[in-house]
Amino acid sequence: MDTNILLFALIIPLIGFLINFLFGKKLGKSLSGIIGTTTIVISFIISVCLFLHIKETGEAIRIHLFEWFSLKNFKIDFAFYFDQLTALWLLFVTGIGSLIHLYSTSYMKEDENFHKFFAYLNLFIFFMMVLVSGSNLLMMFIGWEGVGLCSYLLIGFWHQNREYNNASKKAFIMNRVGDLGFLVGTFIIIYIFGTIDFVELREQTVMGITASSFAVLLSFATLALFIGATGKSAQLPLYTWLPDAMAGPTPVSALIHAATMVTAGIFMITRLNFLFDLTPDVQNIIAIIGGITAFMAASIGLMQNDIKKVLAYSTVSQLGLMFMAIGFAAYEIAVFHVITHAFFKACLFLGSGSVIHAIHGEQDMRHMGGLKKYMKITYATFLVSTLAISGIPPLSGFFSKDEILMTAFHNNIPLYIIGSLASIMTAFYMFRLLYLTFFNKFRGTKEQEAHLHESPASMTIPLIVLAILAAVGGLISLPGHSWLNEYLAPVIVNNAASHPHHLGTTEYILMGIAVIGALIGIGLAYNKYIKNQEIPVNDNQVRGIQKVLANKYYLDEIYMAIIVQPLNMLGGFFKNVIELLISGIVLFFAKFASEVSYQGKKLQNGNIGLYLFAFVFGVCTMIYYLFIAR
Amino acid sequence: MENVLQIIGIENYIYLAILLFSVGVFGILYRRNAIVMFMSIEIMLNAANLLLVAFSNYHQDPQGQVFVFFTMAVAAAEVAIGLAILVSIYRHIGSIDIDKLKNLKG
Amino acid sequence: MIEILFYLLSAITLGSAFITILSKNPIHSAIWLVVCFFSIAGHYALLNSQFLAMVHIIVYSGAIMILMLFTIMLMNLNISNEISKPLVTKIVATIAFCLVGLVLVSALTQTAPAFDAYVNSGQDYQSIQVLGKVLMNEFVVPFEMTAVLLLMAMIGAVLISKKDKKIA
């Protein structure tokens, strides 16, 4: 495959960004949207070609552009590396990216900064492609930081709103904490291996040359990298930015904060699976954190009333399940869930966007309801995706989630229980969302009701495509015969042997339990919101455990108290005490000098005679010093 | 031919130059008329010149006397400029009393 | 004979310098200064530097003093209208005079340079011919610079003393 075409695929979103950023205003909205979408579609087409090519040959492609820098024995190339994993990620990043671009052309139609929105989206796709195709950790870091920047820009896209700005800042700062982990991990890996090129790293670890003597240090490295992943992929303890990130426009939430960027952490760990396999302790930590995150986020999701917040917590919860799978070294299953999740979560977000679009920016589910009859396509796609995420067979979510739970069952029963509970809760809150939004009567204002309408075709087409994918996406990795496992086999070092896919009685029982769990969740939601027609009360009326959930376990408040307040106090201490002290000392000298010079000024009174006398006296002193006093 | 330094000695010229220079200093501090102060400066310059010539004789070296030429040229230039400035000042404030020139202060 | 001449000339030099400073009328000062310059020229002649003595008379007595006299007369300063200085200034000036003299003399005695007896080598070192050669060989660049300096001084003097049109 021609390397120039691949580079073209990488660079064209950047070109789209430059055109839209520099000339977007002059081009007009429709042309700007066309350029933004077309560039991504071209990338997508090339990605498909790449995917087919790699699938056929099974060989990775490495494009070496130039040597970036070298320090003694350590050198870093500016190079790209396309293997099976990269191809897969490129495929769904550009694929879903194209659909969301198309969707945005009508969703953002009213916005005055339309061209800027498309510029940022293109830039995001570019950085995401760099992230997944970099040939070493530093190249990945370029993309890693780039997508963080785009996320920041897009969350704060409506920057007139102060709260949105705060949300974008929060996302950025939380990500910085994780990025530090990423960097520390990179540095330790450089120290251990002397290289950060993925291929070389893999060769070294497979041969086991250096890793064995640095076991503890390697654990620190992988832990630090995992901290990086928790920042980007919104895991405990750094997940709090993701729900706030819903301040951005809905397509952004769908693309960045559900389908692509938040999976970067999973991509990174899968990319370095050979390193993580060497540190089982860290893997345990990952699994536990993933499980707890999944459970906590799902339980918070039960009590949220903002349609996008529910989806955000759902995303965090699903990401937690993925990390759980990674913790059990089941990388291909995590990747599988990433893909299916990308389909149905993007569909859900776009569907919610369609709803929000229809009722003019209203996001509170308590003011929705009965939208089924107004928005048939949106409802149908939303239903499919909701069934998929709840884990109803034969939709995609069932397969991927079931695989994760099965792996958990084989490895760690408590985590299996936690994961199952999270799944049941997922089914409950997703159907709660569905019922509150689409069933019963409309609860909004009359004016809103009059304007209810189905979204235009450019918005429904992506929905339909994504719903179909969400429905059939499970086919790529059927239990027993997994195409994905075979495809990813070259990337993952210790896969097939440790996770045999034989289907026994246990597996069928587990599947049954999962389905029953999902049905229980759905049933509860049906009972509560359809039969009894309950509507969630206001936040200040909830009590007990519900109150804790509605307030998101007070995690933001705890962070406030533990980290922000002491920092503020420290800042206040420095400002009020130390600064006063320092400025006091400095000002003392300044005052002293000023006073002395003020007195000295009086000597210079303009009397030339005095000057002359001073001059003569000075000369005499100099002569005295030079010739006499010696 | 006999040289005067053989009879009198260089020391006496030095003392004479010192005294003349001191007189110049005295004049500068004593008078407030700018022109007389100029004259005092000329006296000081001449004290230096005298010493230069005396030492030129003592070392039998023409360079000292060449230096006197330059001093004279500089003195001429200085007087020309200085007097022009004085004229200009006189036009502005109607006096060349240095006690009236009090603008030079901080 | 020469000794008497030297002391006489020295007395005239110092005396006329004093009178220059002390006389109230600037014109008298100028005239006494001319006397002082002539006596210094006499010193030069005594030191056998005839050429320098001539130049000195021409430049100082002829050019500089004439310039000063012109200025004095231009400003109408011949009337002694100078207010005498306060006593403290006079005392300070006297102290400074003594101080400078004392410091310089004591610097001389302190360093105590050993003056060898004068040896006459019979070499010609201060005739016009020799001076001219030195001036045009070793010191030709400073010499030319002096010419430029004088030109500048002339231009500057004209510029400065020109009547300021904005004010006048």
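Everything numeric here is computed off the predicted structure, so don't read it as measured data. Here, residues in each chain are numbered from 1, in the same order as that chain's written sequence. Think of it this way: whatever chain is written first is A, whatever ligand is written first is 1, and the rest follow in order. Totals for whole chains, interfaces and linings use every residue, but because this is a predicted model, local features are given only for residues with pLDDT of at least 70 and side-chain atom pairs only at 80 or more, for both listing and counting.

Enquirer: Just to check I follow, could you spell out the overall build of chain C for this structure?
Expert: What chain C contains, in helices and strands, is six helices and zero strands. Segments assigned H or I by DSSP are reported as helices when at least four residues long, segments assigned E as strands when at least two residues long, and all are numbered from the N terminus. Starting at the N terminus, the α and β elements of chain C follow one another as α-α-α-α-α-α. Residues with at least 20 neighbouring C-beta atoms inside 10 Å of their own are called buried, those with 12 or fewer are called exposed, and the rest are partly exposed, where every C-beta is derived from the backbone. Here chain C holds 168 residues, and the buried ones make up 27% of them. What counts as a contact here is a pair of residues whose C-beta atoms, placed from the backbone, lie within 7 Å. Considering only contacts in chain C between residues 6 or more positions apart, those separated by 24 or more positions represent 51%.

Enquirer: Sorry, what's going on with the overall build of chain B here?
Expert: Of the regular secondary structure elements, chain B holds four helices and zero strands. Element order for chain B, N to C, with α for helix and β for strand: α-α-α-α. Counting every position in chain B, which comprises 106 residues, the buried fraction comes to 55%. Across chain B, the fraction of contacts at a sequence separation of at least 24, relative to all contacts at a separation of at least 6, is 51%.

Enquirer: Can you help me understand the packing of helix 3 (residues 84–107) of chain A against helix 15 (residues 331–358) of chain A in this one?
Expert: Between two packed helices, both the angle of their axes relative to each other and the distance between the axes serve to describe the pair. Residue and element names in this part refer to chain A. Contact geometry for helix 3 and helix 15: axes closest at 11 Å, N-to-C directions at 5°. Considering the angle they form, helix 3 stands roughly parallel to helix 15. Counting all contacts with helix 3, which are made through L88, F92, I96, I100, Y103 and Y107, the residues of helix 15 involved are V335, I339, A342, A346, L350, G353 and H357. For this scheme, ten residues count as nonpolar: Ala, Val, Leu, Ile, Met, Phe, Trp, Tyr, Cys and Pro. Four count as charged, namely Asp, Glu, Lys and Arg, and the remainder, Gly too, count as polar. Counted by class, the contact of helix 3 with helix 15 contains eleven nonpolar, two polar and no charged residues. Axis definition: a line fitted to C-alpha atoms, limited for helices to the stretch in contact. Angles are taken between N-to-C directions and run from 0 to 180 degrees. Angular relationships are summarised with four words: roughly parallel below 35 degrees, roughly antiparallel beyond 145, roughly perpendicular across 65 to 115, and oblique for the angles in between.

Enquirer: What's the story with the pairing of strand 1 (residues 61–71) of chain A in this structure? I'm lost.
Expert: A regular strand carries its side chains on alternate faces of the sheet. Residue and element names in this part refer to chain A. Of all eleven residues making up strand 1, only zero are buried, and the element is barely covered by its neighbours. Two strands make a pair as long as DSSP finds a minimum of two bridges between them. Note: strand 1 against strand 2 (residues 74–82), nine bridges, orientation antiparallel. Each residue of the ladder has a partner; that of I61, found in strand 2, is F82. Between the antiparallel neighbours strand 1 and strand 2 lie two residues, among them K72 with a positive phi of about 55°.

Enquirer: How do you make sense of helix 16 (residues 376–390) of chain A when you look at a structure like this?
Expert: Because each turn of an α-helix spans 3.6 residues, side chains separated by three or four positions end up pointing in the same direction. Residue and element names in this part refer to chain A. The end-to-end C-alpha distance of helix 16, which contains 15 residues, comes to 21 Å, matching closely the 21 Å that a straight helix rising 1.5 Å per residue would cover. Of all 15 residues in helix 16, eleven are buried; the element is thus mostly enclosed. When we look at burial in helix 16, the residues that qualify are T378, Y379, T381, F382, V384, S385, T386, L387, A388, I389 and S390. Buried residues along helix 16 sit in contact with helix 14 (307–327), helix 15, helix 17 (396–411), helix 18 (413–438), helix 20 (457–472) and helix 22 (505–531). Residue count minus one, scaled by 1.5 Å, sets the expected span of a helix.

Enquirer: Where do I start with the UniProt feature "transmembrane region" (unreviewed entry) in chain B in this structure?
Expert: All names here are of chain B. UniProt positions are given in the numbering used here, feature names are shortened, and annotations may be inferred rather than shown by experiment. Listed under "transmembrane region" (unreviewed entry) in the UniProt record, and renumbered for this structure, are residues 12–30, 35–55 and 67–90. Here residues 12–30 is 100% helix and 0% strand, with 26 Å between the C-alpha atoms at its ends. The span residues 67–90 is 100% helical and 0% strand by assignment, and the distance between its end C-alpha atoms comes to 34 Å.

Enquirer: Looking at this structure, I do not really get the interface of chain A and chain C. What am I missing?
Expert: Note on interface size: it is often stated as the accessible area lost on association of the parts. With eight residues of chain A at the contact, the number on the chain C side is ten residues. Of the residues contributing to the side of chain A that touches chain C, the split by class is seven nonpolar, one polar and no charged.

Enquirer: Help me understand the UniProt feature "transmembrane region" (unreviewed entry) in chain C, please; the structure alone is not making it clear to me.
Expert: All names here are of chain C. In this structure's numbering, the residues bearing the UniProt feature "transmembrane region" (unreviewed entry) are residues 6–23, 30–47, 53–75, 87–108 and 139–160. Secondary structure across residues 6–23 divides into 94% helix and 0% strand, with the first and last C-alpha atoms of the span separated by 25 Å. From the first C-alpha to the last, residues 139–160 spans 31 Å; its make-up is 95% helix and 0% strand.

Enquirer: Would you explain the environment of G181(A) in this entry?
Expert: Residues and elements named next belong to chain A. Within the secondary structure, G181 is located in helix 6 (residues 162–193). Separated by 41 residues in the primary sequence, G181 and T222 have C-alpha atoms spaced 9.5 Å apart. Those residues in contact with G181, other than ones at most four positions away along the chain, are A224, L225, I227, G228 and G231.

Enquirer: Could you clarify how one ought to interpret the interface of chain C and chain B in this entry?
Expert: Between chain C and chain B, the contact holds 67 residues from the first and 61 residues from the second. Elements with a contribution of two residues or more to the side of chain C that touches chain B: helix 1 (2–22), helix 2 (26–46), helix 3 (50–74), helix 4 (87–111), helix 5 (128–137) and helix 6 (140–161) of chain C. For the side of chain C that touches chain B, the residue count by class is 47 nonpolar, 16 polar and four charged.

Enquirer: Would you take a moment to explain the confidence of the model for chain C for this structure?
Expert: The predicted structure's coordinates, where accompanied by low pLDDT, should not be read in detail. On average, residues of chain C score 85 in pLDDT, and 92% of them are at 70 or above. Here the prediction assigns the complex a pTM of 0.66, and the interface score ipTM is 0.89. A residue's pLDDT is simply how confident the predictor is in it, with values from 0 to 100.

Enquirer: Can you walk me through the environment of L348(A) in this structure?
Expert: Residues and elements named next belong to chain A. Summarising the element assignment, L348 is placed in helix 15. With 40 residues separating them in the primary sequence, L348 and K308 have C-alpha atoms 9.4 Å apart. Ignoring sequence-local partners within four residues, the contact set of L348 consists of L311, F382 and S385.

Enquirer: Would you explain the nonpolar core in this entry?
Expert: Among soluble globular proteins, nonpolar side chains are generally buried collectively. We define the nonpolar core as any set of buried residues of the types Ala, Val, Leu, Ile, Met, Phe, Trp, Tyr and Cys, connected via C-beta atoms lying within 7 Å of each other. By size, the foremost hydrophobic cluster in this structure holds 194 residues, and its most contacted members are A346(A) and A470(A). At 17 residues, the largest contribution of residues to this core is made by helix 15 of chain A.

Enquirer: I'm lost on the packing of helix 13 (residues 280–301) of chain A against helix 18 of chain A in this one. Help?
Expert: Residues and elements named next belong to chain A. Where helix 13 contacts helix 18, the two axes come as close as 9 Å, and the packing angle between them is 25°. With respect to helix 18, the element helix 13 is oriented roughly parallel. As for the relative orientation of helix 13 and helix 18, their crossing is left-handed in sense. Between helix 13, through A287, G291, A294, F295, A298, S299 and G301, and helix 18, the contact on the second element is made entirely by L415, I418, G419, L421, A422, M425, T426 and Y429. The residue inventory of the contact of helix 13 with helix 18, partitioned by class, reads ten nonpolar, five polar and no charged. Should the near helix be turned anticlockwise from the far one by less than a right angle, the crossing is left-handed, and should it be turned clockwise, the crossing is right-handed.

Enquirer: Mind showing me how you'd approach unusual backbone geometry here?
Expert: For residues that are not glycine, phi is negative in most cases, and the peptide bond is trans in most cases. Positive phi, close to 55°, is recorded for A234(A), a residue that is not glycine. For A234(A), the position within the fold is in the loop between helix 8 (215–232) and helix 9 (241–244). Even without being a glycine, N48(C) presents a positive backbone phi close to 75°.

Enquirer: Even after reading the chapter, I still don't get helix 24 (residues 555–603) of chain A, so can you show me in this structure?
Expert: All names here are of chain A. Between the first and last C-alpha of helix 24 there are 68 Å, a value that for 49 residues agrees with the 72 Å anticipated at 1.5 Å per step. Roughly 35° is the biggest bend found in helix 24, and it falls at A561. With zero of 49 residues buried, helix 24 lies mostly on the surface of the structure. Fitting axes to the seven residues ending at a residue and to the seven starting there, one defines the bend at that residue as the angle between these axes.

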